[in-house]
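Structural overview
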Amino acid sequence: PTHKLHIEGTDANMLLYDTNTAGLLHIKGAGNGYINAGLLLQCTNGNHDRGMGVFMHDEGVNSEWYAGIPYATGGSYMIGYRSSINSHSNDTAQTTYALMTLKNNGNLGIGVTNPVGKLDVRGTVTASMFHANTSADAGSPEYSFGEDPDTGMYWGGANVLAFSTAGTVRFTLN
């Protein structure tokens, strides 16, 4: 091979090579399993709390992205970002820089590193449309407030919007 780096595996006939085009690295394969090509980062010392992932540093704008297991926080996956950083730093793997965190229980946090629900957003959410489950139950309205789950707004039936406090219907619009 004429490549600078050439590694072939016997089990999946994998080829890892530098294409010699502006430093691009391609991982190419023709496997017969569930994936054709992949990248595996594997911790062998059993210490998953040390962080493990991929760093992407852009010297042109002095910023760095990180995607992987955060430092000192096993059981989660994060995407993090740092600006004004002149050179690569392993610190980017700390949850301080997390923009989004996915926990191993399926909870996703945006702006929060320990999400308590399937989607936990800290900050303003902008959406073009939102659909809530319709329970028509004053005791558990679709839109409720933190520590007061039986107070809020809910679907009161076809073309009816209802409001409740303490689990009791207080006002309806139809």
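Computed from a predicted structure; not experimentally measured.

1. Thoughts on the environment of Gly80
As for its position among the elements, Gly80 is in strand β6 (residues 76-83). Overall, the relative accessible area of 0% leaves Gly80 in the buried class. Along the backbone, Gly80 and Phe55 are 25 residues apart, and their C-alpha atoms lie at a distance of 9.4 Å. Other than its neighbours up to four places away in sequence, Gly80 contacts Glu64, Trp65, Tyr66, Tyr97, Ala98 and Leu99.

2. Some points on the confidence of the model for the protein
Summarising the model, the protein shows a mean pLDDT of 82, and 75% of its residues fall at 70 or more. Every residue in residues 12-19 is under pLDDT 50, and counting partners more than four places away or in other chains gives 33 contacts.

3. Observations regarding unusual backbone geometry
Trans peptide bonds make up the majority, and among non-glycine residues the majority have a negative phi. Residue Asn62 is not a glycine yet carries a positive backbone phi of 55 degrees. Within the element layout of this structure, Asn62 appears in the loop between β4 (52-58) and β5 (63-69). Its relative accessible area of 27% is what places Asn62 among the partly exposed residues. Of note, the phi angle at Asn159 is positive, near 60 degrees, even though the residue is not glycine. Summarising the element assignment, Asn159 is placed in the loop between β11 (148-157) and β12 (160-165).

Cut-off values and rules
- Residues numbered from 1 in each chain as written.
- Predicted model: local features only at pLDDT ≥ 70, side-chain atom pairs only at ≥ 80, totals over all residues.
- Heavy atoms only, no water.
- Helix = DSSP H or I, 4+ residues; strand = E, 2+ residues; numbered from the N terminus.
- Buried < 20%, exposed > 50% of the residue type's maximum accessible area, 1.4 Å probe, protein only.
- Contact = heavy atoms within 4.5 Å.
- pLDDT = per-residue confidence, 0-100.

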